[in-house]
Each structure stands twice: as C-alpha cells, then as structure tokens.
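Structure assessment
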Amino acid sequence: MTEQTPVTDTKAVKVPTLPDAQTVTQVQHYTDRLFSFKCTRPASLRFRSGEFVMIGLMGDPHPETGKQKPLLRAYSIASPSWDEELEFYSIKVQDGPLTSKLQHIQPGDEIILRPKPVGTLVHDALIPGKRIWFFATGTGFAPFASLLREPQTYEDYDEVIITHTCREAGELTYGHDIIESLKTDELLNEVIGEGFWKKIKYYPTTTREESAKMGRITDLINSGEAYADLGVEPLNPDNDRAMICGNLAFNLELKDMLEAAGLEEGANSKPAQYVVEKAFLD
C-alpha cells in the first residue's frame with residue numbers, strides 16, 4: 001500500500017478527438033490498488049444516482065493492421081445526478097486490459113464514455129421503507145458515493161446505514177472522505193436540511209489489516225455484532241430496504257441473508273425491498 005497522493009486537476013478542457021470522449025479533470029490515488037478520477041459531463045447526459053455507464057480507453061494497435069478497438073468496462077457513477085462533473089472510483093489491476101492503462105491517466109487526457117446509463121441501484125427499484133442499508137466491498141462503494149449525495153435518499157428514509165468492507169484500512173479512505181465531506185457541504189445542507197448527514201450510520205470494516213472493526217460484514221451481521229454496534233434492530237421486510245454492490249461471492253451471500261430475513265429482490269420494472277448490482281465485480 002502506498003501513501004495517499006495529492007489531487008491533481010486541471011481547468012483546461014481539450015476539444016475531444018475520440019468518439020464519445022470526455023476530458024479528465026482530476027485524479028487522486030489512494031493506495032497501490034485504488035484511485036478515483038473526475039471528467040467532464042456530456043451536456044445531454046441524464047442519469048439517476050446509483051446508475052453506471054461504460055467507460056474506457058483505446059486499446060493497443062493491432063500488430064498487423066494497426067487498428068485500435070476501444071476497451072470498455074461498466075463503471076458506477078460516483079457523483080450524484082445533479083453534479084456538473086462525473087466521478088469514478090476504480091481498482092488498479094496491473095495486467096488488466098483496461099485498468100493497467102486507466103490508472104496512468106492524467107488531467108487533460110481523454111477517456112471514452114458511452115452516455116447510456118443503466119443499473120438497478122436506484123431508488124425507483126425499491127418500495128418505501130424507513131431505513132436503507134448500503135452494503136459495499138472495495139470499489140463497490142462508488143454507487144453509494146452517488147446516493148449518499150442524492151437528496152432523495154434522505155427524503156425517503158429516516159436512517160441510512162452504509163457498510164464498507166475492505167482488506168486494508170487505507171482502502172476505506174475514499175468512502176470515509178465522502179462521508180466526512182457531507183458535514184461541510186453547504187449546498188447539500190441547504191437543499192436537504194442542516195445536519196441531514198446525522199441520519200447516516202457508517203460501518204467500515206477490514207478483513208486483513210488491523211483496524212477499529214475487523215471482520216466480514218456478513219459474519220458481523222450473522223453474529224448480531226453489527227446490530228449491537230449500530231444500535232439497530234435486525235433486518236426485517238417491514239422497515240428495511242437494501243442495496244448491494246461488491247464481489248460476486250459477497251453479493252450472493254448477502255442475497256441469501258436478506259431473503260432469509262424476508263426481503264424480496266426488486267427491479268426497475270418491479271420494485272421490492274432490496275436490489276443488487278449484477279454488473280459490478282470487485
């Protein structure tokens with residue numbers, strides 16, 4: 001793990017030369033595995049907080065033809081629907097076709113962004129409830145970074161619980177910084193109401209490196225420890241709604257746990273009590 005590096009940004013926006021190109025405006029590296037970046041937003045792009053888009057870069061030229069093909073992956077939009085820029089949170093995979101290149105982007109560079117947002121982690125896919133749980137591992141925090149800055153989240157729920165499980169403590173920095181920023185965000189405090197962030201209960205855990213709370217969130221819930229720490233009642237279908245975004249094993253385990261508690265999976269076409277992002281793999 002490396003130390004957090006300063007944010008780099010730029011005010012100069014180049015004229016796009018790639019198809020569906022947007023210009024990178026800011027990059028911040030958190031560890032040797034994680035970084036975030038911001039880019040310009042297409043004027044025509046409309047999305048719901050929690051949705052994802054396809055973004056990427058051009059691949060290497062073909063050794064014989066010299067032609068390049070775009071390398072695209074699904075990325076949750078970490079910024080809220082009202083933001084003027086788009087924010088993304090990414091893992092670094094050294095031999096990954098896309099992220100081995102994407103991790104080296106700098107302000108002023110261009111990325112490809114296909115402006116067709118989709119996804120299930122949206123308020124429209126849930127029926128009304130009193131409390132919402134956001135369950136994340138790794139970069140699965142990204143859609144919740146969007147939803148935590150979405151006024152509807154606080155209009156719809158009396159309590160917002162965000163759990164974030166990572167291997168190492170440094171990997172929690174992005175989520176922690178987002179939540180802390182809400183306290184001093186003048187715009188959100190004015191639009192939603194002063195002190196809206198007091199509705200949030202943040203529960204970060206690590207599985208490898210020592211931290212204030214160790215353990216997998218699924219184990220902590222099953223043992224009852226998470227409920228005791230948070231001071232809340234166990235999950236129930238009358239009051240609780242949930243969104244899940246993490247690695248495949250985590251998603252499946254939590255789905256089973258939620259359904260055992262009586263919650264039903266929802267969708268845009270049939271809202272219910274919980275939703276899971278199938279496009280994301282940590």
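Structural data are supplied above this passage.
Read on for a plain summary of the structure.

Criteria and thresholds
- Residues numbered from 1 in each chain as written.
- Predicted model: local features only at pLDDT ≥ 70, side-chain atom pairs only at ≥ 80, totals over all residues.
- Heavy atoms only, no water.
- Helix = DSSP H or I, 4+ residues; strand = E, 2+ residues; numbered from the N terminus.
- Buried < 20%, exposed > 50% of the residue type's maximum accessible area, 1.4 Å probe, protein only.
- Pairing = 2+ DSSP bridges.
- Axes fitted to C-alpha atoms, helices over the stretch in contact; angles between N-to-C directions.
- Contact = heavy atoms within 4.5 Å.
- Patch = residues over 30% accessible without salt bridge, like charges linked within 9 Å, V, L, I, M, F, W, Y side chains within 5 Å.
- Areas by Shrake-Rupley, 256 points an atom, 1.4 Å probe, with all protein chains shown as cover.
- Salt bridge = Lys/Arg side-chain N within 4 Å of Asp/Glu carboxyl O.
- Core = buried A, V, L, I, M, F, W, Y, C linked by side-chain atoms within 4.5 Å.
- Phe/Tyr/Trp six-rings, centres within 6.5 Å; stacked < 30°, edge-to-face > 60°.

**So, the environment of Leu113**
As for its position among the elements, Leu113 is in strand E7 (residues 110–118). Among the residues examined, Leu113 registers a relative accessible area of 2% and is labelled buried. Expressed as a C-alpha distance, the spacing of Leu113 and Thr99, which sit 14 residues apart in the sequence, is 15 Å.

**Thoughts on the sheet that holds strand E9 (residues 159–166)**
Taken in spatial order, the 5 strands of this open sheet run E10-E9-E8-E11-E12, and their pairing is parallel. Looking at strand neighbours, the two that pair on one side only are strand E10 (200–206) and strand E12 (274–276), the edges of this open sheet. Adjacent strand axes in the sheet meet at a mean angle of 10° when their direction is disregarded. Strand direction decides the pairing type here: strand E8 (residues 131–137) and strand E11 (residues 240–245), joined by 6 bridges, are parallel. Paired with Phe135 across the strands is Ile244, a residue of E11. Set on the sheet, helix H8 (residues 248–260) makes contact with E8, E11 and E12; between it and E11 the angle comes to about 165°.

**Considerations on a nonpolar patch on the surface**
A contiguous nonpolar surface patch, about 290 Å² in accessible area, is contributed by Trp82, Leu187 and Val191. Along the chain, the position of Val191 falls in helix H5 (residues 186–191). Residue class for Val191 comes out exposed when judged on its relative accessible area of 52%.

**Re the side chain of Ser76**
Structurally, Ser76 is set in strand E5 (residues 70–76). Once residues lying within four places of it in the same chain are set aside, the contact partners of Ser76 are Glu51, Phe52, Glu87, Phe88, Ala142 and Pro143.

**Observations regarding the nonpolar core**
Across soluble globular proteins, nonpolar side chains have a tendency to be buried as a group. By size, the foremost hydrophobic cluster in this structure holds 32 residues, and its most contacted members are Phe134, Phe141, Phe144, Leu148, Tyr174 and Met243. Mapped by element, the contributors of at least two residues to this core are strand E6 (85–91), E8, helix H2 (142–147), E9, helix H4 (173–183) and E11. With residues near it in sequence (within four places) discarded, Tyr174 still touches Tyr30, Ser36, Ala78, Glu87, Tyr89, Phe141, Ala145 and Arg149. Core analysis: the second largest hydrophobic core is formed by 21 residues, Trp133, Ile221, Leu230 and Leu258 among them.

**A short note on the packing of aromatic side chains**
Taken as a whole and assessed by the stated rule, the structure comprises 11 aromatic pairs. Relative to Phe88, the ring of Tyr75 lies with its centre 6.3 Å away and its plane at 85°, an arrangement referred to as edge-to-face. Of this pair, Tyr75 sits in strand E5 while Phe88 sits in strand E6; the two residues are 13 residues apart in sequence, bridging distant segments of the chain. Seen from their ring centres, Phe141 and Tyr174 are 6.2 Å apart, and the 90° between their planes marks the pair as edge-to-face. Taken together, the positions of Phe141 in the loop between E8 and H2 and Tyr174 in helix H4 put the pair 33 residues apart, joining distant regions of the chain. Tyr174 matches Phe141 in its accessibility class, with the two residues each being buried. One aromatic cluster is present, formed by Tyr30, Tyr89, Phe141 and Tyr174 through successive ring pairs.

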